[in-house]
Structure formats: structure tokens, C-alpha cells
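One letter stands for each residue in the lines below.
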Amino acid sequence: MQNGRFKVNGSTKGEFRQASVMLQLPLLVTAQVDLVLLLVSAFAFWTRLGHLSYPNAVVFDEVYYGQFVSLYMRRVFFVDDSGPPLGHMILALGAYLGGFDGNFAWNRIGAEYPSSVSVYSLRLLPALCGALCVPLVYLLTLELRFSHVSALSAALLLLLDNSFIVQSRFMLLESVLIFFMLLAFFSYLHFHNSTSSPWSKYGWLLLSGTSCAAAVGVKYMGLFSYVLLLGMASLHMWTLIGERSVSHLNVFVHCVCRVVCLVVVPVLLYVFWFYVHLSLLNRSGPHDQLMSSAFQASLQGGLSRITQGQPLDVAYGSQVTLRSSAAQPIPCWLHSHKANYPIRYENGRGSSHQQQVTCYPFKDVNNWWIIKDPSKQQLVVSSPPRPVRHGDFIQLVHGMTSRLLNSHDVAAPMTPHAQEVSGYIDFNVSMLAQDLWKVEVSNRESDSEVWKTILSEVRLVHVNTSAALKLSGTSLPDWGFHQLEVVAEKLFKAHSSSLRWTVEEHRFGTSEQQREREAELHSPTQIDVDRKISFWAKFLELQWKMLTVKQENTEHKYSSAPLEWITMETNIAYWLHPNNNAQIHLIGNPVSWGLANLCLLSYQLLAAVYVLRRRRGLKDLPDGERHTSVLCVCSFLQGCSPFS
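Given the structure is predicted, the values throughout are model-derived calculations rather than measurements.

**Digging into the UniProt feature "transmembrane region" (unreviewed entry) in the protein chain**
Thought 1: Per the UniProt record, "transmembrane region" (unreviewed entry) is annotated on residues 21–46, 86–106, 118–140, 146–165, 172–191 and 251–276.
Thought 2: With 90% helix and 0% strand, the stretch residues 172–191 has end C-alpha atoms that lie 30 Å from each other.
Thought 3: End C-alpha to end C-alpha, residues 251–276 measures 36 Å, and it is 100% helix and 0% strand.

Structure, rendered in C-alpha cells:
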């Protein structure tokens, strides 16, 4: 006995009795279940996931997104100017889980899927996102401090909406975008309304920031909702700063946590989506031509097979091809051939009648030029090679015809305000050669920068006239074989991207004789040189291409005007059965869309009247209800944005 208690195996009998009292059987667990939420969720999954494989054919924009899914499966690089890559990666994940290998020709709407393609897995993730949107709307309405009846009404309107059901059941991105937007607002409102511990609260805020990054990563349309949520958070943070009961340190911590969760984390995640995208797509593909030579050379196959092992530094005597850095109208290379400009053009203007210099959009032996030292006659690389640097003066000799690149005070054929560029021919007339060019490395890090293969972008400035070599982009007539015009234009007149040129293919010349040199141009020599482009350089270039390289906007049979989206005057035929009258159309539910339009209009009118009365000093709503109405306006705005 010790301290009045008996010990048994190191424990007191009193402790045994206490434990036996605590462990009473049966063990009971009490939980609160919202049956309404369960029911609307069950109906949402039934309407979105039921018979998901029907029809077993390509439906509407599946023909568009399916091509990108196949490229992901084969890890082939592509550029989609419609938005960031996260949505495509989510669709590709569903295809990967279903064992899709990318071998399907997405060439037309209505094409039958073969038995080897799991149609269910292709459409599964968009359907799951569409189904989860219904309970999210229910919970979001409750977070806005409305009743359960209002929450049920909102959920039913989305549950029974025809257009959203159609968009959720196929391999499309609308349901994925709406899911992340709803999740972002629900998470933020739950954080704002929660009275739990700070760690639990900020977990919801972190989820909100992550969802914002995902929404923007699916489509840039998600940016509108993200900015709206940032505006709400800024107002709440401004109110917090004015709370005198909160210490300065706590205000600072709260503000920092909000900035980290809603700004820093989304930005980092947005970059991360592209990191995964570029890591997966490491093979040459159909969109390589849109990217720079350095970007192309970083991909397996394609240009990298040609440029692998090229000399890095351009030297006197180097044989090079010069690609224009301008993205439009199409990628092309500085080119010349054995054809002269006509003596007179169709409009009566005269020319120099010298050899044509153009920009040719295909690989060709006539794209090769030799970098020549003006003070020497040799056209081979010395030993050791003498590199060309920023500020050096050079001559460019056409490899196949030995004509020097020349410009003079003669109007260009299609761009009369610019100078003609030609391969100089001495006709024994008073037109002297003007064939000196100054090398300016535009992306140099120092004034002694060496001209580098693929990595350097250079301007070639004509010494006699201070005009720069430029791709005008205008197509030449029949006498120019419809190749693109190259001119020399004053620097202050020319657009910067059309002035820059990049050495794409490069070898060291070793043959002085013309016949031997022509044979050499067909059989490049290689020297092993390792060079890579950084992720940040690829990321920034891809961002720029996505924002600037837009496909031509043309009308098609599915086009509709914005007013028709509200009035539902027209619908979109998603799929037609080839043998019977079975059809799938995209059109909204007239009841829900009519009520929504009427309510939005009524709400805006009431809000305008309320603002005017409040300005006159008549407060119809307490401050708490006024705050709730502001949140409702923000939620309505973000709810409308994906359908616009």
C-alpha cells in the first residue's frame, strides 16, 4: 500500500475503477447530418455521372480539347492561345487514368470512339466537378447567411439547369472552372465567418487562394473572379485595420497571412502549373514554329536534332541561317536566289535589278549566309576562331550565289518608304556596293557580348544609311515567288521584333572554292556544345506567345451574340446521331434563366433605390444586413462571370 492506495502491476485499483467508469459500452457517436445537402448532392451525381459514356462519339469541343489530351499522352509540345494549361492537364489526367495512349484522330464532331478508348474516364473529372458545384452552391448560400430554404432553391436552380448539365457531362472545361470559382468563394466566406482557431481558419483561406490559382490556371476568365475576391478581402482587411480592440501586432500578422494566402500562393501555383506543363511536354511538336530558336532547341527532336552540337559563338567565316524573330505573319529565314528584281514594277517605279533578297518560310539551302570580315577575302573560319562581337562591322555573303547582302537608296518593291535589300551585282553603272552591316546584339549583357547561336537576337544596321534589316511581312508578287519582303528601314520607324534576327543553324566554314562550299552547305559539321534555356525564359516566352499569338477570329455556325445568351433565342447543337433523331443541344432552363435575369434586374434597381435613400440619410437596412447585401452582389457577379 502506498499513499492509502493498493498498487496492482504498477497501477492503483482506484485508477482501474476510474477507467472502467469511463469505458462504458456501447460506445455512441453523435453526428449532425444535413439530409437536404445529401439529397441534392446525390441528385447532382446522378444527373452528371449517369450513362456518362453516351454518346460514344466526339461531342462539340471534345474535338478541340481531345487534340491537346493526345499531345499530353505523347508528351508533345503545343501552344493553346485560349488559356493556361491546368485545365488541359486535368482532362489529360482523366485520360491517363483510363489508359488512353493518345492514339485517336480528333478530326471531326461525331466521330465514333474505338473500344480501346475509355470514354467514361475522358469525361469523368469534368462531370465530378459539375456535380460538386451543386452542394457548393448550397453551402455558399448558407455562408451568405441565408436560410436553408434559400440555399435549397439556389442548389435546385443549378441542379436542374439544362446548359450546366450538358457542359458537365462532356470533356469540356466550363464545369471545372466554375467548380474552382465556387470553391474559392465558399472557402473565403467560411474563413471570414468562422470563429474557430486561427490555424483552422487560415486553412480555409489557403484553400481559397489555391482555388483561385486553379481557376485562373484553367481559363483566364477565372481572373475576374480572383480580382473580385481580392476586392472583398481588401475591404475586410481595411475593416480589420480600423478595429481599435485588435493589437498592432495581430493586425500585422492577419494582413501578412492574407497577402501570403491570397497573393503569394496563387502566383507561385500559377507558375507551378506551367512548370509541370513544360516538364511534361519536352518533345518537338506542331507548334514549334511559333517559338524562338532557343525554345525549339530545348525540345527533343525537331530543331534540336539539327542544332545539336553546333558551335556556340558566331565567328568570321561562319556559315549561318538567320531566322526573323518576328512572330507574324509566319516564321521565316533570310533567303536569296538566282532571280533579280524586275527592271520596273507594275506601278511604273524602277528597281536596281539586282538579286532578290527575301524571307522564306521553309528550310532551304538558299537560306545559308557566310559571315565575312570586310578587311579580308577569306570565307573560312580561322584557327583559332575569331568571334563576332556586338558593334563589329561585317559583310554577309550568300552561300550559294556568293552575292553580298546590300542596301541602297532605292525604294523597296512593296514598301516604298523603306529601302530595297538585294544581293549586289556590279552592272558597271554608277551604283556602288553598300554592303557593310553593323552587328548589334539587342539582348546583350555587356558591350563586348559575343554573337551566340540561337541565344542572341541581333539587329543588322546598314552602315551607309543607318537603316536596319527588317521583315516587312508583305508577300511579293509572282516575280518574287510569293516569298516575304525584306527591307531596310530607319530604326525609329521600324517595329522592334521585326528588326531582330537569330542564328538558328550554324557551322564553321572550311572551303574557299565555290563548288566545294556548295557541297559543304549540304553536309554540316558538328562540334559538341551543351547549352540549355532556363525555365523562366521558357515560361516568359510562352506567356507572351499565349497573349499575342491569336488565331484569326472568324464566324462559324456555332457563333452567337451576347444578347442571345440571355434571351436564349438560339441554341448550340452539340451532337447529332447519324442514323436517328437523337440530339444534344446546349440551351438553358427557361424557368431558371428567366427567374435569374428578372431577379438580377430587380436587385440592381432595388440597390440603386437603396443607395439613393441612404445618401438622403434614410437607413432602410442595419449595417449587418447591408454588409450581407454587399457580399451577395459580389457572389452574384462571380456567379455570372463563367457564363459570360
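**Brief notes about the nonpolar core**
A general tendency of soluble globular proteins is for nonpolar side chains to be buried together.
Thought 1: If you look at the biggest cluster of nonpolar residues, it comprises 98 residues, and the most contacted ones within it are F77, W106, Y113, F180, Y188, L542 and Y574.
Thought 2: Take this core: its biggest share by element is 14 residues, from helix α8 (residues 174–193).
Thought 3: With residues up to four places along the chain from it excluded, the contact list for Y188 reads L205, S208, L229, M232, A233, H236 and L262.
Thought 4: Counting residues in each nonpolar core, the second largest holds 30 residues, with L396, V458, A488 and W501 among its members.

**Focus: unusual backbone geometry**
Thought 1: Following Y54, the chain continues into P55 via a peptide bond in cis, with omega recorded as -5°.
Thought 2: Along the chain, the position of P55 falls in the loop between α2 (35–49) and α3 (62–74).
Thought 3: Geometrically, the link from S383 to P384 is a cis peptide bond, its omega value of 0° lying close to zero.
Thought 4: With respect to the secondary-structure elements, P384 resides in the loop between β6 (368–372) and β7 (393–398).
Thought 5: Although it is not a glycine, S402 adopts a positive phi angle of roughly 65°.
Thought 6: On the secondary structure map, S402 appears in the loop between β7 and β8 (405–411).
Thought 7: S402 sits in the partly exposed class, given a relative accessible area of 34%.
Thought 8: With phi around 60°, S466 is a residue other than glycine that occupies positive phi space.
Thought 9: Within the element layout of this structure, S466 appears in the loop between β11 (458–462) and β12 (467–475).

**Considerations on the pattern of salt bridges**
Thought 1: Under the counting rule described, the total for this entry stands at eleven salt bridges.
Thought 2: In this structure, E505 and K363 form a salt bridge, with 3.2 Å as the shortest nitrogen-oxygen distance. Of this pair, E505 sits in strand β14 (residues 501–508) while K363 is found in the loop between β5 (355–360) and β6, placing the two residues 142 residues apart along the sequence.
Thought 3: Measuring nitrogen to oxygen at the nearest pair gives 2.3 Å for the salt bridge that ties R386 to D373. Of this pair, R386 sits in the loop between β6 and β7 while D373 is found in the loop between β6 and β7, placing the two residues 13 residues apart along the sequence.
Thought 4: Its relative accessible area of 10% is what places D373 among the buried residues.

**A word on the packing of helix α5 (residues 119–143) against helix α6 (residues 148–159)**
Thought 1: One way to put it is that α5 packs onto α6 with a least axis distance of 8 Å and a crossing angle of 155°. Regarding the angle of α5 to α6, the classification is roughly antiparallel. Where α5 crosses over α6, the handedness of that crossing is right-handed. Along the contact surface, α5 presents C133, V134, V137, Y138, T141 and L142, while α6 presents H148, S150, A151, L152, A154, A155, L158 and L159.

**Comments concerning the side chain of T502**
Thought 1: Among the structural elements, T502 can be located in strand β14.
Thought 2: Classification of T502 by relative accessible area gives buried; the value is 6%.
Thought 3: Side chain to side chain, T502 and S325 meet in a polar contact 3.3 Å long.

Cut-offs applied
Residues numbered from 1 in each chain as written. Predicted model: local features only at pLDDT ≥ 70, side-chain atom pairs only at ≥ 80, totals over all residues. Heavy atoms only, no water. UniProt positions renumbered as here; feature names shortened; annotations may be inferred. Helix = DSSP H or I, 4+ residues; strand = E, 2+ residues; numbered from the N terminus. Core = buried A, V, L, I, M, F, W, Y, C linked by side-chain atoms within 4.5 Å. Buried < 20%, exposed > 50% of the residue type's maximum accessible area, 1.4 Å probe, protein only. Contact = heavy atoms within 4.5 Å. Salt bridge = Lys/Arg side-chain N within 4 Å of Asp/Glu carboxyl O. Axes fitted to C-alpha atoms, helices over the stretch in contact; angles between N-to-C directions. Parallel < 35°, antiparallel > 145°, perpendicular 65-115°, else oblique. Left-handed = near helix turned anticlockwise from the far one by under 90°. Polar contact = N/O pair within 3.5 Å; in protein donor to acceptor, adjacent residues only side chain to side chain.

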